[in-house]
Amino acid sequence: QVQLVESGGGLVQAGGSLRLSCAASGRTFSSYVAGWFRQAPGKERVCVATINQSGGRTYYADSVKGRFTIARDNAENTVYLQMNSLKLEDTAVYYCATGTGTFGLSYAPAYYDYWGQGTQVTVSS
């Protein structure tokens, strides 16, 4: 069992930055792929970025490439999402998740076994 708690969301102006954190419980965090997803009102949950167990492989959605960076600290059982140059369309609830399996499939929500409760990110003009 893994419990995930996100933090760091909030209100930011377009062009600004935020760093999301996701703290995981349990001693096996380092054995899981971790991902960040987001869901805007009325839309489906979509992948933002994922990172493999060691942190050596990452995946980014095209919409955030060059602006967002995913990282993890296995000693601290934490995964981060640094978000720069934020746009209005980045407004959503952001969720972290952990799962196992082939990293190449980690963009899919069904890949993940555990989810956090989400943190709201609102980008204003």
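What counts and how
Residues numbered from 1 in each chain as written. Predicted model: local features only at pLDDT ≥ 70, side-chain atom pairs only at ≥ 80, totals over all residues. Heavy atoms only, no water. Helix = DSSP H or I, 4+ residues; strand = E, 2+ residues; numbered from the N terminus. Rg over C-alpha atoms; globule rule 2.2 N^0.38 Å. Buried < 20%, exposed > 50% of the residue type's maximum accessible area, 1.4 Å probe, protein only. Contact = heavy atoms within 4.5 Å. Lys, Arg positive; Asp, Glu negative; His and termini not counted. Salt bridge = Lys/Arg side-chain N within 4 Å of Asp/Glu carboxyl O. Polar contact = N/O pair within 3.5 Å; in protein donor to acceptor, adjacent residues only side chain to side chain. Pairing = 2+ DSSP bridges. Axes fitted to C-alpha atoms, helices over the stretch in contact; angles between N-to-C directions.

*Asks:* Even after reading the chapter, I still don't get the overall build of the protein chain, so can you show me in this structure?
*Replies:* Helices and strands together make up the secondary structure of the protein chain, namely zero helices and eleven strands. Overall, the protein chain shows an N-to-C arrangement of helices and strands of β-β-β-β-β-β-β-β-β-β-β. The C-alpha radius of gyration computed for the protein chain amounts to 13 Å, which stays within 12% of the reference 14 Å derived for 125 residues, consistent with globular compactness. Per-residue burial for the protein chain yields a buried fraction of 44% across its 125 residues. If you take every contact in the protein chain between residues at least 6 apart in sequence, the share linking residues at least 24 apart comes to 59%.

*Asks:* Explain the side chain of Glu6 here, please?
*Replies:* In this fold, Glu6 is placed in strand S1 (residues 4-7). Despite its burial, Glu6 pairs with no opposite charge, the nearest such side chain being Arg45 at 7.4 Å. From its side chain, Glu6 meets the backbone nitrogen of Cys96 in a polar contact 2.9 Å long. One polar contact links the side chain of Glu6 to the main-chain amide nitrogen of Gly118, over a distance of 2.9 Å. Beyond its immediate sequence surroundings of up to four residues, Glu6 is in contact with Ser21, Cys22, Trp36, Tyr94, Tyr95, Cys96, Gly116, Gln117, Gly118 and Thr119.

*Asks:* I tried to follow the sheet that holds S1 on my own but got confused; where do I start?
*Replies:* Sheet strands line up and pair through hydrogen bonds in the backbone, either parallel or antiparallel. Spatially, the four strands line up as an open sheet ordered S1-S3-S8-S7, and their pairing is antiparallel. Edge positions in the sheet fall to S1 and strand S7 (68-73), since each of these pairs with one other strand and no more. The sheet shows a mean angle of 15 degrees between the axes of neighbouring strands, direction not considered. By the bridge criterion, six bridges tie S7 to strand S8 (residues 78-83) in an arrangement that is antiparallel. In the strand pairing of S8, Asp73 is matched with Thr78.

*Asks:* Looking at this structure, how should I read the pattern of salt bridges?
*Replies:* Oppositely charged side chains may form a pair once their charged atoms are brought near each other. A full pass over the atoms with the stated rule returns three salt bridges. Linking Asp62 and Lys65 is a salt bridge whose minimum nitrogen-to-oxygen distance equals 3.1 Å. Overall, Asp62 belongs to the exposed group, its relative accessible area being 65%. Taking the shortest distance from any N to any O, the salt bridge between Asp90 and Arg67 comes out at 2.7 Å. Within this pair, whereas Asp90 is found in the loop between S8 and strand S9 (92-99), its partner Arg67 is found in the loop between strand S6 (58-60) and S7, the two being separated by 23 residues in sequence.

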